[in-house]
Every structure is written in C-alpha cells, then in structure tokens.
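Listed here are the chains, written in short residue letters.
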Amino acid sequence: MVAFSCVRMPNRAVLRQLQYRHRSQIAFAESITEAKPYSEVPGPKPIPILGNTWRLLPIIGQYQVSDVAKLSGIFYQEYGKIVKLSGLVGRPDLLFVYDADEIEKVYRQEGPTPFRPSMPCLVKYKGEVRKDFFGDLPGVVGVHGEPWREFRTKVQKPLLQLQTVKKYIEPIEEVTEFFIQRMMEMRDRNEEMPDDFDNEIHKWSLECIGRVSLDVRLGCLDPNLRSDSEPLKIINAAKFALRNIAILELKFPFWRYFPTTIWTKYVKNMDYFVEICMKYINEALDRLKTKNTTCEKDLSLIERILKSEPNPKTAAILALDLILVGIDTISMAVCSILYQLATRPEEQQKLYEELKRVLPDPNVKLTAAHLDEMVYLKCFVKEVFRVYSTVIGNGRTLQNDTVIQGYHIPKGVQVVFPTLITGSMEEYVSKADVFNPERWMKRKENEQKLHPFASLPYGYGARMCLGRRFADLEIQILLAKVSFNASFSVVKYYKQLQFQLIRSYKLEFHHDPLEYKVTFMYAPDGDLKFKVTKRND
Ligand code: HEM
C-alpha cells in the first residue's frame with residue numbers, strides 16, 4: 001500500500017505528451033519505410049574521382065565560390081525543393097532544402113546540441129594546431145557536442161539577456177556618434193563618402209565589439225591609422241579568416257593533407273587573434289583585481305565572465321569567437337542596410353518621420369525605451385534581411401535519419417537552408433517581390449503570408465546567433481539618433497555638436513546600381529559612395 005502511494009501517476013498533460021511522442025514515432029517509422037531512397041534525391045551528378053568539386057575549380061569549373069548565392073537559386077530552378085550536391089572531395093554531401101515547413105521540422109528536431117556544419121578549418125586549428133591553448137572547451141564557433149553546450153551555457157546569459165544587453169547602449173552610442181562625425185569629415189567635394197567606405201564601417205564595428213568583448217577602446221576610428229596599426233591588423237585578420245573559408249572548404253581541401261600557402265596564412269592570422277585577445281583579457285583581469293565593486297550590474301561583459309570563470313582563457317576564447325564572426329557579419333549587414341536606405345527615398349522618409357516623432361528633441365540621450373518605439377526602423381532592417389539576407393543560408397548536420405520531402409535522408413548529411421531564396425518565395429511570403437517593411441508590423445491573422453521559417457537571418461534554436469542582440473543594437477543605434485557624449489576622449493573637440501544620421505542627414509546614391517555578391521557575406525559589391533547631405537527641416 002505504502003509503495004503504491006509513492007508511485008506518482010502521470011497527469012493528463014504528461015500522458016498526452018507521451019501519446020503524442022509515441023504517435024509521431026510511429027508516423028516517423030511509417031514515413032521512413034515509405035520514403036524514397038536517398039540515392040534518388042535530384043541534383044548535379046558527380047563525375048568519377050573529381051565528384052562535384054570540379055564544378056568549383058578554376059577554369060574547368062562551372063561556378064565561382066563567389067557565385068554561391070546564384071548557385072543556390074539555380075539549383076532550386078533546375079531541380080526543385082530538394083537538391084543534393086554529392087561527391088564533394090573531403091566533405092559530406094550538401095542537401096539544399098527550399099521548403100520552409102521542412103526547414104522548421106529539421107530545426108525543431110535538432111536536440112540539445114545542434115550541429116552546424118561550419119568551418120572544418122577552424123575545427124582543425126582549435127582542435128589540433130592549437131590544442132595547447134583551446135583545450136577541452138574551445139568556444140562555440142566550429143565546436144560541437146557537449147564541449148559546445150558547456151561553453152555556450154557559461155557565456156550566453158550576459159550576451160543574450162535583454163536587460164544586460166541594454167547596458168551596452170551607451171558605449172555603442174559613444175562609438176557610433178564618433179563614427180558619424182568621422183563620416184561628415186570624410187565627405188569629398190560632392191558630399192560623398194570615399195571609395196573604401198566599407199572599410200570605415202569595419203572599423204566602427206570592430207570598435208563596438210572591442211568595447212563589449214575586450215573592454216577596450218581600440219582606437220579604430222582614429223583618422224590617422226597606420227596600415228600596420230593594431231586595429232587594421234585585427235580587421236584584416238578577421239576578414240581573411242572568414243573570407244577564405246569558402247575557398248578552403250569548398251574547393252579541393254589540400255590543406256587537410258599538407259600545409260598549403262593559404263592554410264599557413266590562415267594559421268598565422270588565427271595565432272595573431274589569440275595573442276591579441278589574451279593581451280586584452282589579461283589587462284581586464286588586472287583591472288578587475290583592483291576594482292572595488294561586487295555589484296554585478298556595474299561589471300562589464302568581460303568582467304562578469306572573468307568573475308564566474310576564473311580561467312581567463314574562457315573570456316579570451318569568447319572574445320576571439322565574437323570578433324571572428326562578428327566584425328564582417330555586422331559590417332556587411334550595415335553596408336547593405338545603408339545602401340538600401342540610400343536607394344529607397346520613400347522608405348528613408350518614413351524612417352526619418354519616425355525618428356522625428358520618437359525623438360522630437362534631438363538633444364536627449366538615446367534610451368532603450370526610444371529604441372522600443374522605433375518600429376518602422378526594425379521592420380525596415382527585417383525586410384532588408386528578408387530580401388538580401390547577409391548570411392545567405394544556415395545549416396545543420398543531421399544527427400539522426402529523417403524524412404525530408406518524402407526522401408529518406410541519412411544521418412550525417414549536411415542540410416543547407418538557403419534563407420536568401422526561401423525569404424523570397426511567394427509560397428511563404430505574400431507579394432514576395434515587393435520590398436515592404438510594413439509586412440513585419442503586427443498583422444491580423446491570415447492577412448498576409450509570412451512563414452516564420454522562411455527568413456531567419458540569425459538562425460534558430462539553441463545554436464542561434466550569439467551576437468544577435470548586439471547586432472540589432474548596433475544597427476538600431478547607427479540608424480537612430482545618436483547624441484554627443486563628451487566622455488569619449490578622442491572627440492573632445494566636438495563638444496557642442498549633435499550627430500544624427502538619418503534624423504539630420506539625407507543619404508543618397510548617385511552611381512550605377514550595385515550588384516549583390518557573396519564574399520562570405522551577401523552584400524553590395526562596389527564602392528559605397530553615399531552622398532550625405534544635411535536636411536533643412
Ligand atoms: C547582422 C549581423 C549578423 C548576422 C546576420 C548573423 C547571423 C548568424 C547566423 C545565421 C548564425 C548561425 C546560427 C544558427 O546556427 O542557428 C550565427 C552564429 C553566430 N554569431 Fe552571428 N550574425 C550577425 C552578427 C553577429 C555579431 C555582431 C556577433 C558577435 C558579437 C555574432 C556572433 C555569432 C556567434 C558567436 C555565432 C555562433 C553561435 C554558436 O554556434 O553557438 N554574430 N550568426
């Protein structure tokens with residue numbers, strides 16, 4: 001009797017859940033037995049020995065790595081919603097899936113340690129070349145399974161918790177207002193930005209990430225930076241590391257077998273990163289020792305991590321990962337967003353009207369409440385991401401067999417979600433070819449189609465972008481009003497000035513339209529010679 005009363009009977013909700021799981025397991029077993037074999041998935045046929053890799057080789061190949069965005073569109077047109085690219089030398093098959101429902105299914109089934117098939121070269125660097133430094137907890141980028149989960153759990157709270165992230169409005173605002181001032185100084189006789197304006201955007205983004213992830217003012221926005229200065233070396237190292245991944249990984253991976261020139265340069269770059277990150281983290285550690293505050297809210301991101309993780313390597317590895325993937329992504333996203341604003345006067349006017357309404361007095365400091373009110377701004381950014389997704393796709397390595405589009409897909413296949421294509425499919429987004437930021441505003445049910453898995457610029461689930469809150473904040477602050485704050489020492493000469501980008505200046509582009517291209521990110525290819533003129537109203 002006693003034993004019986006100790007056994008807790010499952011309640012109805014638990015029973016329903018168990019029944020649901022049981023039913024879906026049966027449905028899955030049935031669907032997998034009925035599914036067509038993997039070998040029948042359509043796609044370009046591999047040739048003996050060279051497989052499909054030859055298609056990306058110079059001269060004989062059909063495609064350039066930089067054509068990846070086009071390639072993904074061509075695959076969809078030629079083969080349909082599921083396409084297999086097999087026979088890639090030294091790597092598993094790629095399976096392109098152009099079905100938002102199936103993408104949702106794969107994401108939802110991914111379990112606690114999702115496997116994003118990225119950067120084998122970084123895996124080799126962290127796991128073999130510099131195992132001495134990275135050890136058993138090598139970070140999040142290019143790391144999988146339990147080590148990934150353990151590291152991410154240690155660091156994600158201060159990076160993703162809205163309350164904590166809001167603390168970074170002020171430092172990002174300081175950097176941004178100085179950047180906008182630099183923009184004004186950089187204008188030529190025609191009030192246009194210089195040819196290499198994208199480089200200036202990279203400097204701004206590194207300065208922002210440096211403030212947050214290394215607790216340091218790197219001085220990237222100094223107008224007299226030398227080419228061998230630390231900030232420029234970091235930017236070049238980050239660009240090199242990301243932009244050569246496609247070349248290292250999609251072309252013949254000779255580097256796996258012997259140290260090619262490009263691999264040797266890659267390792268040198270990464271070593272430089274490790275050295276820089278450790279230098280600043282050690283400085284932060286020294287500062288923390290003398291800081292007499294125990295109050296969590298007064299601590300910077302790095303100080304929080306150092307406090308909970310006594311080994312400074314955790315903070316250094318986190319900083320390395322953030323800088324590595326954070327600089328180019330946010331910079332190219334901003335290039336794209338500014339280009340879209342400059343070439344869409346109607347939308348720019350709407351944004352300007354919103355900024356005037358939310359900030360009638362341009363002298364007040366920007367707060368989280370202001371940002372919350374800037375609905376059109378956020379919708380504009382989402383629409384740019386939908387149509388010109390900076391990261392053209394995401395992916396997962398399947399950890400179990402599954403059925404996609406009626407085919408039995410074996411464990412280990414790398415599924416690619418081509419966000420750039422699915423975000424513009426009429427089936428998932430009403431009037432997909434119209435650029436319409438308002439589509440993201442709260443809508444009545446069924447008014448417009450907008451499949452939640454068609455456009456996911458930051459990915460989804462437990463492995464979603466770790467820097468997305470910062471990225472959003474940086475973009476919003478750049479586009480919104482930024483008022484001067486005299487505490488940023490380099491700007492002491494501009495004490496009385498107010499700097500606002502869209503609120504005070506008009507952005508135009510008077511050159512041939514730019515095409516979008518993939519370097520690693522998807523962004524306009526060419527000189528961003530924006531004309532920036534003062535508004536009179
Ligand atoms: C607009 C800019 C950005 C875009 C579009 C973007 C997009 C993405 C995407 C699609 C992923 C993969 C997510 C998944 O697998 O589900 C990702 C991962 C990641 N992103 Fe971003 N990102 C941006 C900016 C940043 C910034 C500024 C940082 C750093 C401050 C950052 C840090 C990371 C990290 C560390 C990961 C790996 C997360 C993990 O594997 O656990 N990102 N990002």
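Located above this text is the structure these notes cover.
To keep things clear, this report deals only with the structure shown in the data block. All values reported here derive from a predicted model rather than from experimental measurement. (Residues numbered from 1 in each chain as written. Predicted model: local features only at pLDDT ≥ 70, side-chain atom pairs only at ≥ 80, totals over all residues. Heavy atoms only, no water.)

Focus: the coordination of the iron atom of the ligand
Now for step 1: The protein supplies the iron atom of the ligand with one donor atom, Cys465 (SG), which lies at 2.3 Å.
Now for step 2: Tracing the backbone shows Cys465 in the loop between helix H19 (419–422) and helix H20 (468–479). (Donors = N, O, S within 2.8 Å, 3.2 Å for Na, K, Ca; no water. Helix = DSSP H or I, 4+ residues; strand = E, 2+ residues; numbered from the N terminus.)

Some details on the environment of Ile209
Now for step 1: Along the chain, Ile209 turns up in helix H10 (residues 197–214).
Now for step 2: When its relative accessible area of 9% is taken as the criterion, Ile209 is described as buried.
Now for step 3: Between the C-alpha atoms of Ile209 and Thr33, which are 176 residues apart in sequence, the distance is 50 Å.
Now for step 4: Beyond its immediate chain neighbours, meaning those up to four positions away, Ile209 contacts Leu214, Leu322, Ile323, Gly326, Ile327 and Glu474. (Buried < 20%, exposed > 50% of the residue type's maximum accessible area, 1.4 Å probe, protein only. Contact = heavy atoms within 4.5 Å.)

With respect to the packing of helix H11 (residues 230–243) against helix H15 (residues 312–342)
Now for step 1: In the contact formed by H11 and H15, the axes pass within 9 Å of each other and the chain directions differ by 90 degrees. Taken together, the axes of H11 and H15 are roughly perpendicular relative to one another. Taking contact as the criterion, the partners of Ile234, Ala238, Lys239, Ala241, Leu242 and Arg243 in H11 are, on H15, Ile323, Leu324, Val325, Ile327, Asp328 and Met332.
Now for step 2: Looking at side-chain class alone, the contact of H11 with H15 contains 9 nonpolar, no polar and 3 charged residues. (Axes fitted to C-alpha atoms, helices over the stretch in contact; angles between N-to-C directions. Parallel < 35°, antiparallel > 145°, perpendicular 65-115°, else oblique. Nonpolar A, V, L, I, M, F, W, Y, C, P; charged D, E, K, R; others polar.)

With respect to the pattern of salt bridges
Now for step 1: In total, this model carries 29 salt bridges according to the counting rule given.
Now for step 2: Residue Lys81 pairs with Glu427 through a salt bridge whose shortest N-O separation is 2.6 Å. Taken together, the positions of Lys81 in the loop between helix H3 (68–79) and strand S1 (82–85) and Glu427 in the loop between H19 and H20 put the pair 346 residues apart, joining distant regions of the chain.
Now for step 3: Residue Glu427 is classed as partly exposed on the basis of its relative accessible area of 41%.
Now for step 4: Between Asp321 and Lys126 there is a salt bridge, with its nearest N and O atoms 2.9 Å apart. One end of the pair, Asp321, is in helix H15; the other, Lys126, is in helix H5 (residues 120–129), and 195 residues separate them in sequence. For the pair Asp321 and Lys126, one class covers both residues: buried.
Now for step 5: The structure contains a network of salt bridges with shared partners spanning Arg182, Glu185, Glu200 and Lys203. (Salt bridge = Lys/Arg side-chain N within 4 Å of Asp/Glu carboxyl O.)

Details of the environment of Gln161
Now for step 1: Within the fold, Gln161 resides in the loop between helix H7 (145–160) and helix H8 (162–165).
Now for step 2: Sequence spacing of Gln161 and Arg469 is 308 residues, and the spatial spacing of their C-alpha atoms is 8.4 Å.
Now for step 3: Looking at Gln161, its side chain comes within polar contact range of the side chain of Thr164, at 2.9 Å. (Polar contact = N/O pair within 3.5 Å; in protein donor to acceptor, adjacent residues only side chain to side chain.)

Things to note about the sheet that holds strand S2 (residues 94–97)
Now for step 1: Taken in spatial order, the 4 strands line up as S1-S2-S6-S3 in an open sheet, and their pairing is mixed. Of all strands in the sheet, those bounded by a partner on one side alone are S1 and strand S3 (394–397). With strand direction ignored, the average angle separating the axes of adjacent strands in the sheet is 25 degrees. (Pairing = 2+ DSSP bridges.)

Here's the deal with helix H18 (residues 375–387)
Now for step 1: Its 13 residues place the ends of H18 19 Å apart at the C-alpha level, agreeing with the 18 Å of an ideal helix rising 1.5 Å per residue.
Now for step 2: For H18, every residue scored as buried is listed here: Tyr376, Leu377, Cys379, Phe380, Val381, Glu383, Val384, Phe385 and Arg386.
Now for step 3: Structurally, H18 contributes buried residues whose contacts are with H15, helix H16 (345–358) and H20. (Expected span 1.5 Å × (residues − 1).)

Quick word on the packing of H18 against H20
Now for step 1: Taken N-terminus to C-terminus, the directions of H18 and H20 make an angle of 120 degrees; their axes are 11 Å apart at the nearest point. On the basis of their axis angle, the class for H18 and H20 is oblique. Judged by the sense of rotation from one axis to the other, the crossing of H18 with H20 is right-handed. Contacts from Leu377, Lys378, Val381 and Phe385 in H18 reach Ile475, Gln476 and Leu479 in H20.
Now for step 2: Residue classes in the contact of H18 with H20 are distributed as 5 nonpolar, 1 polar and 1 charged. (Left-handed = near helix turned anticlockwise from the far one by under 90°.)

Quick word on the site of the ligand
Now for step 1: In the vicinity of the ligand lie 25 residues, with Arg116, Arg152, Arg396, Arg463 and Cys465 positioned nearest.
Now for step 2: The side chain of Asn394 places a nitrogen or oxygen atom 3.0 Å from an oxygen atom of the ligand.
Now for step 3: The set of elements that each furnish at least two residues to the shell around the ligand consists of H7, H15 and S3.
Now for step 4: It is H15 that contributes the most residues to the shell around the ligand, 6 residues altogether.
Now for step 5: Classifying every residue of the shell around the ligand by side-chain character gives 16 nonpolar, 5 polar and 4 charged. (Near = heavy atom within 4 Å.)

Quick word on H11
Now for step 1: Over its 14 residues, H11 extends 20 Å from the first C-alpha to the last, a length consistent with the 20 Å expected when each residue adds 1.5 Å.
Now for step 2: Along H11, 10 of the 14 residues are buried, which leaves the element largely enclosed by surrounding structure.
Now for step 3: Buried within H11 we find Pro231, Leu232, Ile234, Ile235, Ala237, Ala238, Lys239, Phe240, Ala241 and Leu242.

Points about unusual backbone geometry
Now for step 1: Despite not being glycine, Asp215 shows a phi value in the positive range, around 60 degrees.
Now for step 2: By the secondary structure assignment, Asp215 is in the loop between H10 and H11.
Now for step 3: The backbone phi angle of Gln405 is positive, close to 55 degrees, even though this residue is not glycine.
Now for step 4: Within the secondary structure, Gln405 sits in the loop between strand S4 (402–404) and strand S5 (407–409).
Now for step 5: Overall, the relative accessible area of 26% leaves Gln405 in the partly exposed class.

Remarks on the state of the cysteines
Disulfide: a covalent bond formed between the sulfur atoms of two cysteine residues.
Now for step 1: One pass over the structure, following the stated rule, counts 0 disulfides.
Now for step 2: In this structure Cys220 is a free cysteine whose sulfur lies 9.2 Å from that of Cys208, the closest cysteine sulfur available.
Now for step 3: Free cysteine Cys335: the closest other cysteine sulfur is in Cys208, separated by 14 Å. (Disulfide = S-S within 2.5 Å.)

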